[in-house]
Amino acid sequence: MLYFVKNNMLHRLPVSRRCDCIYKNEPLRDTIPNDVERCVYCMNYWPDDEA
């Protein structure tokens, strides 16, 4: 799975239909960095779910 960072937000490629972010040649990566926020739509990650 490939990811990209846009405006300090991590998104998955292909972008989810619910996400309004548009991929425009940002560098692709295969790891999740620690210092960015995760898009709740692309990553299926809700901040209250940390356990």
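Residue indices follow the written sequence of each chain, beginning from 1 at its first position. Where totals are concerned, whole chains, interfaces and linings use all residues; where local detail is concerned, this predicted model gives features only for residues with pLDDT of at least 70, and gives and counts side-chain atom pairs only at 80 or more. No hydrogens and no water enter the side-chain calculation; it runs on all heavy atoms of the structure.

**Q** Explanation requested: the nonpolar core in the structure shown.
**A** General note: in soluble globular proteins, nonpolar side chains tend to be found buried as a group. Here, nonpolar core refers to any group of buried Ala, Val, Leu, Ile, Met, Phe, Trp, Tyr and Cys residues whose side-chain atoms link them within 4.5 Å. A 1.4 Å probe rolled over the protein chains alone gives each residue an accessible area, and that area as a share of the maximum for its type sets the label: buried under 20%, exposed over 50%, partly exposed in between. Among the nonpolar cores identified, the biggest contains nine residues, and these are Y3, F4, L10, C19, C21, V36, C39, C42 and M43. The contact partners of L10, leaving out residues within four places of it in the chain, are Y3, F4, V5, I32, P33, V36, E37, R38, C39 and M43. Throughout, a contact is declared for two residues whenever any of their heavy atoms are within 4.5 Å.

**Q** In this structure, what is going on with the side chain of E26? I would like to understand it.
**A** Considering the arrangement of structural elements, one finds E26 in the loop between β2 (9-13) and β3 (28-29). Side-chain atoms alone can form a polar contact between residues adjacent in sequence; in general such a contact is a pair of N or O atoms within 3.5 Å, and within protein one must be able to donate a hydrogen while the other accepts it. Polar contacts involving the side chain of E26 include one to the main-chain amide nitrogen of K24, which spans 2.8 Å. Note on conventions: DSSP H or I runs of at least 4 residues are helices, E runs of at least 2 residues are strands, and numbering of each starts at the N terminus.

**Q** Any chance you could explain the sheet that holds β2 here in plain terms?
**A** Each strand in a sheet pairs with another by means of backbone hydrogen bonds, the pair being arranged parallel or else antiparallel. Two strands qualify as a pair provided that DSSP identifies no fewer than 2 bridges between them. Judged by pairing direction, the sheet is mixed, and its four strands sit side by side in the order β3-β1-β2-β4 without closing on themselves. Two strands lie at the open edges of the sheet, namely β3 and β4 (37-38), each paired on one side alone. Across five bridges, the pairing between strand β1 (residues 2-6) and β2 is antiparallel. Bridge pairing in β2 links V5 to L10.

**Q** Is there a simple way to think about the pattern of salt bridges in this case?
**A** Side chains that differ in charge, positive against negative, can pair when their charged atoms come close. The salt bridge definition used is simple: a Lys or Arg side-chain nitrogen within 4 Å of an Asp or Glu carboxyl oxygen. Within the structure shown, the criterion is met by one salt bridge. We note a salt bridge from E26 to K6, for which the minimum N-O separation is 3.6 Å. Remark: K6 occurs in strand β1 and E26 occurs in the loop between β2 and β3; sequence separation between them is 20 residues. Note on E26: relative accessible area 14%, which makes it buried.

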